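# Secondary and tertiary structure notes
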Amino acid sequence: MKTTNLNLSVAEAVAHVRNSLSEKGFTIFAEIDHQANAQGVELELAEARTLIFGNPLAGTKLMQKDITMALDLPIRLALVSNGGQTQLLHQTAADYSSQYAVEGHPVLEKIEELFAALEAELSN
């Protein structure tokens, strides 16, 4: 897992990521607001949101190589407040390669490029 510290609030980062992913042609399948869910059961939790998104063409190519990747697809990223610091959390190509038979797959390179672009955008 990779963690990147951001100088934005969780809400600002989520808005930016949602917009960026949409502009890049990704489908956002779900957004989970963990803090709101915790409040719903009368518990406290720092801000934490998970976005589940993907591209069916790319995801299918990975699953054609190793169908068990269905467990981790679509891709997820989390934007959390950890000790007052907003962080972007996501799996890396190395993480996927260690868990599935997809090492060196070209789609993993595209995933790395996507996360690098998001990190750069969020750092500006």
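Everything discussed here concerns the structure shown above.
Residues numbered from 1 in each chain as written. Predicted model: local features only at pLDDT ≥ 70, side-chain atom pairs only at ≥ 80, totals over all residues. Heavy atoms only, no water.

### Some points on the overall build of the chain
- Along the chain, the regular secondary structure elements total 5 helices and 5 strands.
- When the helices and strands of the chain are read in sequence order from the N terminus, they spell out β-α-β-α-β-α-β-β-α-α.
- Radius of gyration (C-alpha) of the chain: 15 Å, near the 14 Å computed for a compact globule of 124 residues.
- Its C-alpha atoms give the chain principal-axis dimensions of about 40 × 35 × 25 Å.
- Counting all 124 residues of the chain, 39% fall into the buried class.
- Expressed as a percentage of contacts within the chain between residues at least 6 apart in sequence, the contacts between residues at least 24 apart total 65%. (Helix = DSSP H or I, 4+ residues; strand = E, 2+ residues; numbered from the N terminus. Rg over C-alpha atoms; globule rule 2.2 N^0.38 Å. Buried < 20%, exposed > 50% of the residue type's maximum accessible area, 1.4 Å probe, protein only. Contact = heavy atoms within 4.5 Å.)

### Points about helix α5 (residues 106–123)
- Between its first and last C-alpha atoms α5 spans 26 Å; for 18 residues at 1.5 Å apiece the expected length is 26 Å, and the two agree.
- Among the residues making up α5, those that are buried are Val107, Leu108, Ile111, Leu114, Phe115, Leu118, Glu119 and Leu122. What you see down the axis of α5 is that its buried residues fit within an arc of 130°, all on one side. Those residues of α5 that are exposed and aimed more than 90 degrees away from the buried face are Pro106, Lys110 and Ser123. (Expected span 1.5 Å × (residues − 1). Arc of directions from axis to C-beta.)

### Points about the sheet that holds strand β2 (residues 27–33)
- An order of β1-β5-β4-β3-β2 is seen for the 5 strands of this open sheet, with the pairing classed as antiparallel. With one partner strand each, in any of the chains shown, β1 (2–6) and β2 form the two edges of the open sheet. Taking the axes of each pair of neighbouring strands and ignoring which way they run, one obtains an average angle of 20° across the sheet.
- Pairing geometry for strand β3 (residues 48–54) and strand β4 (residues 75–82), over 6 bridges, is antiparallel. Pairing of Phe53 across the sheet is with Ile75, part of β4.
- This element, helix α1 (residues 10–23), spans β1, β2, β3, β4 and β5 (85–90) of the sheet and lies at about 160° to β4. (Pairing = 2+ DSSP bridges. Axes fitted to C-alpha atoms, helices over the stretch in contact; angles between N-to-C directions.)

### Section: the layout of surface pockets
- As a volume, the largest pocket reaches approximately 350 Å³.
- Contributing to the lining of the largest pocket are 20 residues, with Phe26, Gly54, Asn55, Ala58 and Ile75 lying nearest its centre.
- Of all the elements in the fold, those that place two or more residues in the lining of the largest pocket are β3, α3 (56–65) and α5.
- Looking at which element gives the most residues to the lining of the largest pocket, the answer is α3, with 6 residues. (1 Å grid on protein atoms, 1.4 Å probe; cavity = no way out; pocket = protein on both sides within 12 Å on 5 of 7 lines; lining within 4 Å. Points joined across faces, edges and corners; volume = space filled by probe spheres on them.)

Read these as geometric descriptors, not functional statements.
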